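Coordinate inspection notes
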There are 2 protein chains.
Amino acid sequence: MSSTLRIGLAGLGTVGGGTLAILREHAVMIEARAGQRIEVVAVTMRDPKKPRAMDLSGIKILPEAEAMAEEDLDIVVELMGGHDGAALRLVTRALEKGKHVVSANKALIAHHGLRLAALAEKHDRVLAFEAAVAGGIPIIAALRNGLAANRITRVAGILNGTCNYILTKMLDAEADFDAVLAEAGTLGYLEADPALDIDGIDAAHKVSILASLAFGTVPNFAGVERQGIRQITLRDMYYARDFGYRIKLLGIVEKHGPALLQRVEPCLVPVTAPLASVSGGFNAVEVEGDAVGRVVFEGRGAGAGPTGSAVVADIMAIARGDRYPPFTLPTAQLASAAAMDASYRLGSYYIRLSLRDEPGVLAEFTREFAAQHISVKSIVQREIAGDKSAQVVVTTHQTNEAAVRSAVAAIQNLRCTVAPPVLLRIHE
Amino acid sequence: MSSTLRIGLAGLGTVGGGTLAILREHAVMIEARAGQRIEVVAVTMRDPKKPRAMDLSGIKILPEAEAMAEEDLDIVVELMGGHDGAALRLVTRALEKGKHVVSANKALIAHHGLRLAALAEKHDRVLAFEAAVAGGIPIIAALRNGLAANRITRVAGILNGTCNYILTKMLDAEADFDAVLAEAGTLGYLEADPALDIDGIDAAHKVSILASLAFGTVPNFAGVERQGIRQITLRDMYYARDFGYRIKLLGIVEKHGPALLQRVEPCLVPVTAPLASVSGGFNAVEVEGDAVGRVVFEGRGAGAGPTGSAVVADIMAIARGDRYPPFTLPTAQLASAAAMDASYRLGSYYIRLSLRDEPGVLAEFTREFAAQHISVKSIVQREIAGDKSAQVVVTTHQTNEAAVRSAVAAIQNLRCTVAPPVLLRIHE
């Protein structure tokens with residue numbers, strides 16, 4: 001091949017700038033590896049008047065994103081963000097006009113991935129989104145290709161760098177969530193709407209994409225159960241550390257028979273497990289397959305370079321001629337999966353109770369565990385200076401999640417309970 | 001596509017059996033993901049009389065491996081091992097006869113990869129060998145596709161599970177190398193010739209393959225500098241631990257300008273680094289790219305399931321139609337690289353000296369460091385019960401490798417030195 005692959009970049013923010021820089025700096029190497037020259041011929045940007053460090057001479061600057069679908073391009077690269085509006089209209093139109101699409105937009109893929117994949121199939125084009133999950137880690141390629149011979153049983157990962165930064169920093173600096181959040185804001189680490197990160201919405205977008213790829217199911221963002229990190233306290237971090245764990249916000253997908261679990265939740269991770277040592281803004285994903293066992297991938301989850309690396313990898317794969325359905329299977333073959341009932345999910349749990357410091361309370365709450373047939377693994381009560389309540393921390397043996405929730409709900413209603421119990425899953 | 005991809009499996013040992021089991025158990029899922037039915041229609045095995053658990057009915061059993069090249073097959077899967085003899089003849093002949101080849105044979109690819117890749121190009125066939133490096137970890141796909149937008153600066157990994165098992169076990173069981181080696185032999189963990197593992201030859205095969213993929217250079221197994229683990233003592237493991245490190249056998253490739261470093265050597269890895277916590281038979285590979293930063297992959301490095309997973313992934317990629325040069329670039333574009341001069345390599349080092357326990361020896365050896373402009377970071381001398389020599393452990397700041405080697409050679413010749421110094425690089 002000696003033709004040139006013509007690229008349009010919609011969005012010239014952090015990721016767009018990184019993508020353009022990689023394509024330029026490594027033009028010769030990329031052409032050699034991809035077998036084709038790759039050239040950015042058109043761009044759009046939110047604010048054309050904003051001063052930019054990059055040289056855009058020779059590149060057509062389009063007045064609006066959607067106009068890009070009408071240009072003479074082989075690939076439209078959508079780096080605008082937002083799951084509706086211009087990004088959705090551009091990607092839809094670009095596919096309709098027979099262009100391949102590369103996107104880093106997890107919200108778009110999580111919300112509209114199925115419809116867009118069907119459109120890509122109809123027009124025999126590629127829709128690729130490696131950059132939408134875990135930045136520079138080639139996790140989508142791994143699920144689609146490298147681990148494709150496996151029946152996947154679970155994928156779990158640290159998928160949001162902001163949350164991981166906050167949780168890491170809380171323990172390092174011995175600071176509360178609110179203090180670290182405020183500092184992160186000052187340092188410019190937060191999105192305009194930090195809820196996207198800290199309430200687990202961003203991680204949930206990625207979870208729904210991973211679930212579809214891992215299990216061949218229809219992407220189902222609405223089906224992701226989601227819990228963020230606002231309620232994580234330094235006190236729980238200390239207890240977790242004492243027990244040999246770190247608290248991490250995990251995105252988890254599991255399949256048991258026909259039932260699918262999709263969840264974002266803070267978990268206790270054993271300090272010796274690979275995910276425990278993933279700190280700051282890094283991401284990591286562990287995949288469990290029936291043949292391969294556990295494989296773990298770790299790398300930077302965001303930023304111009306890492307995300308640009310993933311975008312350009314998708315472009316190069318298109319250049320080389322790799323063709324595959326966006327969610328591994330043709331959309332007609334993607335299965336609908338029922339949400340998993342919590343009573344089918346087994347695991348160990350960490351429970352912190354705030355109880356009146358008076359005789360008989362141990363007997364009261366342990367009765368609730370017994371009623372649910374929950375076997376206690378360890379129990380610690382410590383005197384906390386300046387705190388009139390008794391802090392009791394329990395870890396359980398394997399039990400089912402519905403039983404633990406019932407027990408905790410019952411304990412919450414006990415007369416001896418002075419603050420809502422904290423319930424966290426132990427990720428093993 | 002609705003045709004059937006016809007597979008011949010040469011070798012029905014651990015990996016061959018694992019490959020056949022995956023293809024059978026997951027036949028429906030694999031067909032859906034690969035877009036084609038994949039069927040094993042012919043096999044060969046070293047000893048056809050050996051009882052096997054698998055059912056081979058309906059599969060043609062060929063009397064000798066080379067006959068497979070003449071069969072009506074789309075892909076020949078070579079799982080025989082050995083870098084010469086029947087494996088080489090089969091792969092050569094299969095490519096000449098227009099068959100794709102998938103191989104798990106690192107020795108074959110390390111020794112003959114360039115010639116075989118040229119043959120694959122000539123006949124427009126795929127030569128794939130994901131299973132040859134790091135078992136189930138899709139590291140070759142990552143270098144070829146997922147991280148292809150990066151200028152790679154270094155790849156370093158734990159590439160031999162046997163060595164990693166021995167090193168892990170030595171510290172866990174507080175046992176010497178010889179004792180753990182003997183136990184591993186009794187447990188059946190060792191190859192017929194354990195030198196392949198413990199002298200780093202197996203890791204060197206993998207290093208030469210990784211170097212070619214990462215840097216676009218001609219595979220050059222003869223150019224791998226190699227040091228095994230026979231000389232690693234429990235004493236050095238204890239010292240390393242005291243300083244916050246673990247000793248790991250690493251395969252390392254680096255490129256500085258036109259010069260290439262390929263090496264297998266035991267190194268000290270900071271206990272907080274991902275590679276430090278890779279234990280037992282696991283493998284791990286860290287890749288550093290200019291855009292993506294550091295990405296780490298961890299998983300099982302051997303065994304029927306993990307290696308079979310990689311073999312089947314290669315088969316599925318061929319079925320889907322992915323086509324690429326075996327070493328990422330066409331063979332004519334692979335560069336020859338000069339070996340890196342040790343004086344260009346910077347790093348920190350661990351040096352253990354066995355010295356006469358008498359006045360003046362510190363002055364004597366520190367003079368040699370000063371002469372080479374080596375800056376000492378830490379120095380510890382401890383009294384060892386029952387040992388008449390003084391054990392002095394030094395770690396250095398960044399310095400060049402040639403200087404450290406010169407200093408150590410000079411110290412070895414000092415009158416006060418009673419046993420050869422131990423020199424290990426600190427991997428950062």
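The following paragraphs examine the structure supplied in this document. (Residues numbered from 1 in each chain as written. Chains lettered and ligands numbered in written order. Predicted model: local features only at pLDDT ≥ 70, side-chain atom pairs only at ≥ 80, totals over all residues.)

Brief notes about helix α1 (residues 14-25) of chain B
All names here are of chain B. With 12 residues, α1 should cover 16 Å at 1.5 Å per step; its first-to-last C-alpha distance of 16 Å lies within 8% of that length. Here α1 has its buried residues at Val15, Gly16, Gly18, Thr19, Leu20, Ile22 and Leu23. Next to the buried residues of α1 lie β1 (4-10), α2 (27-34), β2 (37-44), β4 (75-78) and α11 (304-320). (Helix = DSSP H or I, 4+ residues; strand = E, 2+ residues; numbered from the N terminus. Expected span 1.5 Å × (residues − 1). Buried ≥ 20, exposed ≤ 12 C-beta atoms within 10 Å, placed from the backbone. Contact = placed C-beta atoms within 7 Å.)

Some points on unusual backbone geometry
Note: most residues except glycine have negative phi, and most peptide bonds are trans. In the Ramachandran plot, His373 of chain A falls in the positive-phi region, its phi being about 60° despite a non-glycine side chain. For His373 of chain A, the location among the structural elements is in the loop between α12 (361-371) and β15 (376-382). Note on His373 of chain A: 10 C-beta atoms within 10 Å, which makes it exposed. One non-glycine residue, Asp124 of chain B, lies in the positive phi region at around 55°. As for its placement among the helices and strands, Asp124 of chain B is situated in the loop between α4 (106-122) and β6 (127-128).

Quick notes on the interface of chain A and chain B
The interface is formed by 48 residues belonging to chain A together with 48 residues belonging to chain B. Those elements that place two or more of their residues in the side of chain A that touches chain B are α2 (27-34), α5 (139-146), β12 (293-300) and α11 (304-320) of chain A. When grouped by side-chain class, the residues that make up the side of chain A that touches chain B number 24 nonpolar, 16 polar and eight charged. Here β12 of chain A pairs with strand β12 (residues 293-300) of chain B via three bridges, running antiparallel. For Phe297 of chain A, the partnering residue across the bridge sits in β12 of chain B and is Phe297 of chain B. (Nonpolar A, V, L, I, M, F, W, Y, C, P; charged D, E, K, R; others polar. Pairing = 2+ DSSP bridges.)

Comments concerning the sheet that holds β6 of chain B
Residues and elements named next belong to chain B. Across the sheet, which stays open at both edges, the six strands sit in the order β3-β2-β1-β4-β5-β6 with parallel pairing between neighbours. Taken across any chain shown, the strands that pair with only one partner, and hence form the sheet edges, are β3 (60-61) and β6. As defined by bridge partners, β1 adjoins β4 across four bridges and the pair is classed as parallel. Within β4, the position partnered with Ile7 by the bridge is Ile75.

Looking at the environment of Asp202 of chain B
Residues and elements named next belong to chain B. Within the fold, Asp202 resides in helix α9 (residues 201-215). Take Asp202: there are 24 C-beta atoms within 10 Å of it, and that puts it in the buried class. Considered as a pair, Asp202 and Met80 are 122 residues apart in the sequence and their alpha carbons are 15 Å apart.

A few points about the relation of the copies chain A and chain B
Superposing chain A onto chain B takes a rotation of 180° combined with a translation of 0.0 Å along the rotation axis, leaving an RMSD of 0.0 Å. The superposition of one copy onto the other is thereby described by a two-fold rotation axis. Of the residues that chain A buries at the interface, 100% are likewise interface residues in chain B, meaning the two copies contact each other through the same surface. (Least-squares fit on C-alpha atoms with pLDDT ≥ 70 in both.)

Description of α2 of chain A
Since the α-helix packs 3.6 residues into each turn, any two residues three or four apart lie on the same face. Residues and elements named next belong to chain A. When α2 is considered as a whole, its buried residues turn out to be Ile30, Arg33 and Ala34. What you see down the axis of α2 is that its buried residues fit within an arc of 90°, all on one side. Those residues of α2 that are buried are in contact with α1 (14-25), β2 (37-44) and α11. Of the residues trailing α2, Gly35 is marked for its positive phi of about 80°. (Arc of directions from axis to C-beta.)

A few points about the packing of α4 of chain B against α9 of chain B
Residues and elements named next belong to chain B. Contact pair α4 / α9: the axes reach a minimum separation of 9 Å and the direction vectors enclose 50°. Taken together, α4 and α9 sit at an angle that is classed as oblique. At the point where α4 passes α9, the crossing takes the left-handed sense. Taking contact as the criterion, the partners of Lys106, Ala107, Ile109, Ala110 and Gly113 in α4 are, on α9, Asp202, His205, Lys206, Ser208 and Ile209. Of the residues that constitute the contact of α4 with α9, the class distribution is four nonpolar, three polar and three charged. (Axes fitted to C-alpha atoms, helices over the stretch in contact; angles between N-to-C directions. Parallel < 35°, antiparallel > 145°, perpendicular 65-115°, else oblique. Left-handed = near helix turned anticlockwise from the far one by under 90°.)

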